[in-house]
Amino acid sequence: MVETLQNLLLGFSVALNPSVLVYAFAGCVIGTLVGMLPGLGPLAGISLLLPVTFGLNPIISIVLLSGVYYGAMYGGSTTSILMRIPGEAASVITCVDGYAMTQRGRAGPALAIAAIGSFVAGTFGVIGLMLLAPTLASFALRFGPPEYTALLMIGFLVLAYMSGGSMLKTLAMAIFGLVLGMIGIDTMSGYTRFSYGLVELGDGVGIVPVAVGLFGVSEILLTAGQPMPPKVQKPTLRQLIPSREEFRLSVGPIARGSLLGFMIGIIPGSAHIISSFVSYGIERRISKHPERFGNGAIEGVAGPESANNAAATGAFIPMMALGIPTSPVMAVMIAALMLHGISPGPMLISQEPELFWGFVASMYVGNVVLLILNLPMVGLFVNLLRVPYSFLYPCVLCFCILGTYSVNSSTLDVWIMLVMGGIGYVFRKFDYDLAPVALGLILAPMLELSLRQSLAMSAGDYTIFVTRPISLTLFVLGVILFLLSIKPLIFKGKNWRAKVGLDAQG
Amino acid sequence: MTAARAPEPGSVQRGLRSDRVSGIFLVLLGLFIAWDGRVYPLGTLAEPGPGYMPMLVAVFLVVTGALIAAFGGKSELLSAMPWPEARRALLILIISAAGAFALERIGYRLTMIALLILFLGVVERRSPFAVVAVSLGFSFISYYVFATLLLVQLPLSPWGF
């Protein structure tokens with residue numbers, strides 16, 4: 001514990017450095033804007049900012065990008081509550097009760113509770129990250145290729161089990177992502193696969209064009225031609241203060257949402273999106289007055305908003321400790337670190353203590369910055385929502401082209417982005433969740449390499465996965481999850497996902 | 001034009017279902033990947049080659065696509081799916097593709113000006129003053145911020161700007 005505190009002090013000495021503070025603040029502001037703008041989610045926002053980090057040091061890069069990430073989590077709730085437009089996917093469920101509160105003239109308290117819940121959950125997540133990541137990293141030193149294979153397999157199964165929509169569709173999208181991940185040079189044999197003579201595809205398909213295309217461009221295509229934005233309420237500072245009853249009702253959902261979101265955040269999948277739906281479902285289930293949900297229940301704002309922020313922080317644990325991206329956003333974060341020659345994984349915390357602890361401390365700072373940004377300055381941000389969408393989307397699209405091109409100075413990336421935008425648009429029309437595509441794309445090379453390395457280690461003996469205790473445990477967990485996943489298909493009445501509202505999603 | 005008759009309660013509407021169509025598309029995609037990946041050595045189960053994973057993934061895609069199609073009998077009718085934004089979306093994609101084609105040929109600033117003129121002037125039909133102001137403003141300010149201040153490399157036109 002003393003060592004942790006000493007490390008945290010080291011972290012604060014880094015995070016309170018004026019240049020780091022400025023970038024943390026900039027990240028939070030950009031993130032809040034990104035979260036509020038329909039058409040730009042955290043993933044597209046972070047991907048577009050990636051080229052900007054080329055000239056920065058790794059600590060500042062990760063602080064800036066993570067500021068954008070959790071800033072977007074905060075910002076997404078503002079449009080959900082005020083306009084019933086989710087700025088990003090995790091805020092979809094906040095629309096239900098948040099907007100109902102706005103219609104009843106309680107927009108201020110809804111915004112305040114969302115910001116307070118996000119702050120509490122974010123801080124809880126950082127404490128968890130601080131305590132868990134070093135322990136997990138030292139444990140992960142025992143991981144070899146079979147354990148990584150098992151872990152990645154379990155990731156896909158969890159993704160299917162916890163998916164928001166149809167499990168089959170989620171798996172199909174993850175497999176589609178794996179297909180994209182197979183493009184390029186096979187590291188073990190040197191074969192170039194599915195490159196069709198395009199030299200640039202030798203390095204594979206990048207996460208940035210795919211992410212920006214799937215999440216940014218497809219959103220623009222879906223929302224193009226929408227009418228002028230609706231009238232936006234602009235609550236004053238006085239109107240933000242929740243009543244005593246609203247505070248009392250929010251305490252439990254914030255606490256439960258923080259814990260639940262953090263736990264879901266650690267496991268792979270679109271954690272922040274899933275956690276908000278699960279939290280909403282739980283709050284509705286345990287409420288003595290479930291009929292209030294959908295009509296402006298403050299618990300329906302407090303729980304999901306806390307959960308998605310805690311999940312956003314929790315997702316950093318496997319990324320930092322294992323080097324495994326549990327979400328597309330984490331993959332871009334890893335890419336940002338790797339551009340600076342730093343590989344996240346079990347050795348990161350011991351080899352780069354300043355980076356890890358500086359990052360942890362910057363998250364404390366970021367949470368305070370966001371609380372300040374999201375309460376008194378909410379009126380300022382709301383002005384952005386008054387810009388007509390017909391002006392906004394062409395600029396966002398131009399930013400998408402600019403950001404994608406500048407990662408590799410490659411027009412092929414821009415073409416990939418546009419193709420992915422078109423594919424994403426069609427898939428979304430057919431009710432497919434796109435996050436697993438990005439996850440599959442990132443995990444494909446890792447999964448293939450660890451599988452083939454495991455078989456090389458065991459001279460082709462597949463029992464290597466069940467003779468090593470850690471991989472055996474992970475595979476048993478995977479089998480249990482698989483059985484639980486197919487249970488609703490067999491016993492339709494016993495579907496917990498439907499009970500917590502996951503099946504109601506898109 | 002006659003109005004479409006509402007379906008009888010409890011009756012099953014006939015026609016292509018969205019999940020059936022998307023499932024079949026995934027099956028075809030899986031088959032294409034398997035066919036296209038046939039040139040890569042599969043190796044053996046004990047010693048997988050570069051074609052092993054693509055084949056495995058293709059098989060999974062075919063199976064998943066087939067299951068989606070099989071369970072998709074109650075999904076939305078394809079003919080009932082609304083596509084009100086499709087024409088505009090296609091137009092946006094075509095203009096963006098033209099932008100991608102032009103980017104390294106006429107440079108960042110001219111491409112952005114052209115793109116914004118097309119988006120705002122042709123697609124959105126905004127006032128000429130707003131079109132000129134936004135296209136010039138966005139192009140030059142973004143170039144200044146990204147290329148000059150943040151040193152991001154952006155393509156120049158053949159005329160050097």
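Predicted, not measured: the structure shown is a model, and the values here were computed from it. (Residues numbered from 1 in each chain as written. Chains lettered and ligands numbered in written order. Predicted model: local features only at pLDDT ≥ 70, side-chain atom pairs only at ≥ 80, totals over all residues.)

Broken down by element type, chain A carries 23 helices and 2 strands. Counting only residues that meet the buried cut, chain A has 63% of its 506 residues in that class. Considering only intrachain contacts with a sequence separation of at least 6, the fraction spanning at least 24 residues in chain A is 80%. (Helix = DSSP H or I, 4+ residues; strand = E, 2+ residues; numbered from the N terminus. Buried ≥ 20, exposed ≤ 12 C-beta atoms within 10 Å, placed from the backbone. Contact = placed C-beta atoms within 7 Å.)

The subject of this paragraph is the overall build of chain B. Counting its regular elements, chain B contains 5 helices and 0 strands. When the helices and strands of chain B are placed in sequence order, the string is α-α-α-α-α. By the compact-globule yardstick of 15 Å for 161 residues, chain B is too spread out, its C-alpha radius of gyration being 25 Å. The C-alpha extent of chain B, read off along each of the three principal axes, is 65 × 60 × 25 Å. Residues counted as buried form 32% of the 161 residues belonging to chain B. Counted over contacts in chain B with a minimum sequence separation of 6, partners at least 24 positions apart contribute 62%. (Rg over C-alpha atoms; globule rule 2.2 N^0.38 Å.)

This paragraph deals with the environment of Pro469 of chain A. All names here are of chain A. Mapped onto the fold, Pro469 is located in helix α22 (residues 469-490). For Pro469, a count of 10 C-beta atoms within 10 Å corresponds to the exposed category. Taking the C-alpha atoms as reference points, Pro469 and Ala331, 138 residues apart in sequence, are found 28 Å from one another.

On to the domain arrangement of chain B, then. Domain parsing of chain B yields domain 1 (18-80) and domain 2 (86-149). For domain 1 of chain B and domain 2 of chain B, the distance between their C-alpha centres works out to 38 Å. (Domains from an automatic or database assignment.)

Low pLDDT marks regions whose predicted coordinates should not be analysed in detail. On average, residues of chain A score 81 in pLDDT, and 88% of them are at 70 or above. The least confident element of chain A is helix α23 (residues 496-499) of chain A, whose mean pLDDT is 54; the most confident is helix α19 (residues 411-429) of chain A, at 93. (pLDDT = per-residue confidence, 0-100.)

So, about unusual backbone geometry. Phi is mostly negative for residues that are not glycine, and the peptide bonds are mostly trans. Backbone geometry places Asp431 of chain A, a non-glycine residue, at a positive phi of 70°. Relative to the assigned elements, Asp431 of chain A resides in the loop between α19 and α20 (435-457). Non-glycine residue Arg125 of chain B carries a positive phi angle of around 55°.

Facing the 49 residues of chain B at the interface are 45 residues of chain A. For the side of chain B that touches chain A, the secondary structure elements donating two or more residues are α1 (18-36), α2 (52-71), α3 (86-106), α4 (108-123) and α5 (128-149) of chain B. Taken together, the residues of the side of chain B that touches chain A break down into 33 nonpolar, 9 polar and 7 charged. (Nonpolar A, V, L, I, M, F, W, Y, C, P; charged D, E, K, R; others polar.)

Attention now goes to α19 of chain A. With 19 residues, α19 of chain A should reach 27 Å at 1.5 Å per residue; the first-to-last C-alpha distance of 27 Å fits that figure. Taken together, the buried positions of α19 of chain A are Thr411, Asp413, Val414, Ile416, Met417, Leu418, Met420, Gly421, Gly424, Tyr425 and Phe427 of chain A. Of the surrounding secondary structure, the elements contacted by the buried residues of α19 of chain A are α9 (207-223) and α18 (389-408) of chain A together with α3 of chain B. Looking one or two places after α19 of chain A, you find Asp431 of chain A, whose phi comes out positive at around 70°. (Expected span 1.5 Å × (residues − 1).)

Membership of the largest hydrophobic core comes to 209 residues, with the highest contact counts inside it found for Ile207, Val210, Ala211, Val332, Met333, Cys398 and Ala438 of chain A. Ranked by residue count, the leading element in this core is helix α6 (residues 107-140) of chain A, at 18 residues. Each of domain 1 (18-80) and domain 2 (86-149) of chain B accounts for three or more of the residues forming this core. The residues touching Ala438 of chain A, leaving out its near neighbours within four places in the chain, are Gly177, Ile207, Val210, Ala211, Leu214, Pro328 and Ala331 of chain A. (Core = buried A, V, L, I, M, F, W, Y, C linked by C-beta atoms within 7 Å.)

For the rest of this paragraph, the subject is the packing of helix α3 (residues 42-49) of chain A against helix α4 (residues 58-83) of chain A. Residue and element names in this part refer to chain A. Between α3 and α4, the least distance of the axes is 9 Å, while the angle of their chain directions is 160°. If you check the angle between α3 and α4, you find them roughly antiparallel. Here α3 and α4 pass one another in a crossing that is right-handed. Of the residues in α4, those touching α3 at Pro42, Gly45, Ile46 and Leu49 are Leu64, Leu65, Val68, Tyr69 and Ala72. Looking at the contact of α3 with α4 residue by residue, the classes come out as 8 nonpolar, 1 polar and no charged. (Axes fitted to C-alpha atoms, helices over the stretch in contact; angles between N-to-C directions. Parallel < 35°, antiparallel > 145°, perpendicular 65-115°, else oblique. Left-handed = near helix turned anticlockwise from the far one by under 90°.)

What follows is about α4 of chain B. Helix length check: α4 of chain B, at 16 residues, gives a terminal C-alpha distance of 21 Å against a target of 22 Å (1.5 Å per residue), a fit within 8%. What α4 of chain B keeps buried is the set Tyr108, Arg109, Thr111, Met112, Ile113, Leu115, Leu116, Leu118, Phe119 and Leu120 of chain B. Check the buried side of α4 of chain B and you find it contacts α18 of chain A together with α3 and α5 of chain B. Of the residues trailing α4 of chain B, Arg125 of chain B is marked for its positive phi of about 55°.

Moving on, we come to the environment of Cys95 of chain A. Looking at where Cys95 of chain A falls in the secondary structure, it is placed in helix α5 (residues 94-103). Between the C-alpha atoms of Cys95 of chain A and Ala224 of chain A, which are 129 residues apart in sequence, the distance is 21 Å.

Quick look at the environment of Asn367 of chain A now. All names here are of chain A. Counting through the fold element by element, Asn367 comes out in helix α16 (residues 353-374). What makes Asn367 buried here is the crowd of 24 C-beta atoms within 10 Å. The spatial distance from the C-alpha of Asn367 to the C-alpha of Ser118 is 8.3 Å, given a sequence separation of 249 residues. Apart from residues lying up to four places away in sequence, Asn367 is in contact with Phe119, Gly122 and Thr123.

The next subject is the confidence of the model for chain B. All names here are of chain B. Residue-level pLDDT values for chain B average 87, and 92% of them are 70 or greater. The secondary-structure element of chain B with the lowest mean pLDDT is α5, recorded at 90, while α1 shows the highest, at 95. Interface confidence for the predicted complex, given as ipTM, is 0.91, next to a pTM of 0.80.

So, on to the packing of helix α8 (residues 167-181) of chain A against α20 of chain A. All names here are of chain A. For the pair α8 and α20, interaxial distance at closest approach is 6 Å and the crossing angle is 45°. As the angle between them shows, α8 and α20 are arranged oblique. As α8 packs across α20, the resulting crossing turns out to be right-handed. Here Thr170, Met173, Ala174, Ile175, Phe176, Gly177, Leu178, Leu180 and Gly181 of α8 lie close against α20, whose contacting residues are Pro436, Val437, Ala438, Leu439, Gly440, Leu441, Ile442, Ala444 and Pro445. Residues of the contact of α8 with α20, tallied by class, amount to 14 nonpolar, 4 polar and no charged.

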